[in-house]
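# Overview (structure and organization)
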Amino acid sequence: MKVNNICCIGAGYVGGPTMAVIAQKNPDIKVTVVDINEKRIDAWNSNNFDELPIYEPGLSDVVKKARGRNLFFSTDINSAIIDSEMIFISVNTPTKTSGEGKGFAADLKYIESCANQIAEVSKTDKIIVEKSTVPVRTSEKIKKILNSKNKSIDFQILSNPEFLAEGTAMRDLQIPDRVIIGGDNTKKGNEAIQSLVEIYSSWVPKKNILTTNLWSSELSKLTANAFLAQRISSINSLSELCEETGADIEEVSKAVGMDSRIGNSFLKTSVGFGGSCFQKDILNLVYISRSIGLEKVANYWEQILIINKHQRDRFANKIYSLINKESLNKNVCILGWAFKKDTNDTRESAAIYVANNLIKSNIYLNVYDPKVKESQIFFDMNYINGNDKKNKEHISIYNNPIDCIHKTNIIAILTEWDEFKDYDWKNLYKKMSKPAYIFDGRNILDKVKLESIGFNYIGLGR
Ligand code: UDX
Ligand code: UDX
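This part is about the environment of Met381. Counting through the fold element by element, Met381 comes out in helix 14 (residues 374–385). The class of Met381 is buried, set by a relative accessible area of 0%. With 374 residues separating them along the chain, Met381 and Cys7 place their C-alpha atoms 35 Å apart. Discounting residues that sit within four places of it in the chain, Met381 has contacts with Trp337, Ile352, Ala355, Asn356, Ile359, Gly386, Asn391 and Ile395.

Spelled out as structure tokens, the structure:
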């Protein structure tokens, strides 16, 4: 089937950029991105391109060119569903906070409500594309809802997981390592797969488009994220060993990464991985394995999360212990709140957990992040501990590093923003209380240079 109209439900971090690139590369296809959140849609339609709801390098240029031509943002979900031959579902799938699977399983209520809505309003055959990361066999659930609610229409379900990393989303979309499209191995299933292959072929070489069955596609996404997170937990676990033995994790990581069988990416020690995907997807993998009785498999993958939490906790403990031991000022400067550089996204950011541990020990925090707003920081803290009063008392937000270091002996780097590397550290040193410590939770600063200025430098695993 030739697709002329695409609808995407969910104008978030994934739906927005993905549809912008599909529209950019397929000017003959009308792409409408819809969302229940009116404010978000207004922001996508804003004439001030700095106001787009998502910050991704290169995104605003693409939106500028395609919006109004073949890319549209709207809250009229029903019309967009009716008019489209292909519908992407790109709504959020958070970890369940209640009911069966609480704390582990993905909450599919938004996916299910989309399926219900599609079944209710569709008048012609549709290809439904699962874009959100979902547990294996979710497509079966979607299929059941669609087929039981609307028997007169043929719905084909495809799984097309996203592999875009925030901050490099546009590059990952424009030059993907691979695109995976899973579908049913039936005549109609194969036709649906081909329709989506055609759309991606406008810019992705055919050899990089992998077609699979539905379950393989769904599981590939969880596996890819679990493998990436596993490398980070592996290196982070060794960072502690390095601290105890005198090895330097940066040297170990480099040496190991030079083995071409291992490769050097995702071997950077950190205060812990964050982001909307890693933790959630691994929890999902653990839940699925455990629920079918594969306890050892579940325990194996769960260990990645246990190490991640341990890394955040021990980082906060190091700061807290030093303050007590040296009777330092109880104000700590936190540089960086986003879960990684070049994004304003803070979901599952290590900073939130470190900050929470520190304020539990009655430490006061001065926070600066170049892209994250004050309201977001308090939202994150209230979400994690529900204690607005304590958060307001203990956390102050600054819009520059100079004010942020005022009255502090300790700076903790929690996000690897490039600007931190470029600071005039000599000047910052002068303005800090003494002795001055830097806890480099990302190992991004020059230890030798900082020590020559007078700082006590504490990196991870060195
Ligand atoms: C994505 C994926 O879809 C998720 O599965 C993955 O694991 C993380 O990334 P993301 O785009 O990051 O989600 O989520 P978010 O930025 O929260 O966007 C989801 C959007 O869907 C929101 O704007 C929300 O308003 C919208 N939504 C949600 C709907 O339009 N309808 C709903 O029923 C629910
Ligand atoms: C990830 C996957 O990379 C992407 O393919 C998937 O679609 C969504 O989840 P994202 O969460 O945007 O993308 O960021 P990513 O760059 O993978 O980083 C995740 C976390 O790991 C960040 O907190 C980052 O700082 C941390 N990280 C990454 C490390 O601590 N060390 C590393 O070596 C790499």
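Turning to a nonpolar patch on the surface, a few remarks are in order. Taken together, the side chains of Ile292, Leu294 and Val297 define a hydrophobic patch exposed on the protein surface, amounting to about 260 Å² of accessible area. For Leu294, a relative accessible area of 39% puts it in the partly exposed group.

It is worth spelling out the sheet that holds strand 13 (residues 437–440) at this point. Reading across from one edge, 11-10-9-12-13-14 is the order of the six strands in this open sheet, with parallel pairing throughout. Pairing within the sheet leaves two strands with one partner each, and these edge strands are strand 11 (395–397) and strand 14 (456–459). Looking at each pair of strands side by side, their axes are set apart by 20° on average, direction ignored. Examined bridge by bridge, strand 12 (residues 410–413) and strand 13 share four bridges and lie parallel to one another. Its bridge partner being in strand 13, Ile413 is matched across the sheet by Asp440.

Over its 13 residues, helix 5 (residues 109–121) extends 19 Å from the first C-alpha to the last, a length consistent with the 18 Å expected when each residue adds 1.5 Å. Those residues of helix 5 that sit buried are Ile111, Cys114, Ala115, Ile118, Ala119 and Val121. In this structure, the buried residues of helix 5 make contact with strand 1 (5–9), helix 4 (77–83), strand 4 (86–89), strand 5 (126–130), helix 6 (138–149) and strand 6 (155–159).

Neighbouring ligand 2 are 20 residues; Glu166, Ser270, Phe339, Lys340 and Arg442 lie closest to it. Glu162 is positioned such that a nitrogen or oxygen atom in its side chain is 2.9 Å from an oxygen atom of ligand 2. Here Leu164 contributes a backbone N or O atom positioned 3.2 Å from an oxygen atom of ligand 2. In isolation ligand 2 has 660 Å² of accessible area, and contact with the protein removes 90% of it. Among the elements that take part in the shell around ligand 2, helix 9 (residues 214–245) stands out by supplying four residues, more than any other.

Next up on the list: the nonpolar core. The biggest cluster of nonpolar side chains holds 55 residues, and the ones touching the most others in it are Leu335, Trp337, Leu365 and Trp425. Once residues within four sequence positions are removed from consideration, Trp425 is found in contact with Leu335, Ile411, Ile413, Phe420, Ile438, Leu445, Leu450, Ile453 and Phe455. Counting 44 residues, the second largest nonpolar core, distinct from the first, contains Tyr13, Phe73, Phe88 and Val197.

The rules behind each value
Residues numbered from 1 in each chain as written. Chains lettered and ligands numbered in written order. Predicted model: local features only at pLDDT ≥ 70, side-chain atom pairs only at ≥ 80, totals over all residues. Heavy atoms only, no water. Helix = DSSP H or I, 4+ residues; strand = E, 2+ residues; numbered from the N terminus. Buried < 20%, exposed > 50% of the residue type's maximum accessible area, 1.4 Å probe, protein only. Contact = heavy atoms within 4.5 Å. Patch = residues over 30% accessible without salt bridge, like charges linked within 9 Å, V, L, I, M, F, W, Y side chains within 5 Å. Areas by Shrake-Rupley, 256 points an atom, 1.4 Å probe, with all protein chains shown as cover. Salt bridge = Lys/Arg side-chain N within 4 Å of Asp/Glu carboxyl O. Pairing = 2+ DSSP bridges. Axes fitted to C-alpha atoms, helices over the stretch in contact; angles between N-to-C directions. Expected span 1.5 Å × (residues − 1). Near = heavy atom within 4 Å. Polar contact = N/O pair within 3.5 Å; in protein donor to acceptor, adjacent residues only side chain to side chain. Core = buried A, V, L, I, M, F, W, Y, C linked by side-chain atoms within 4.5 Å.

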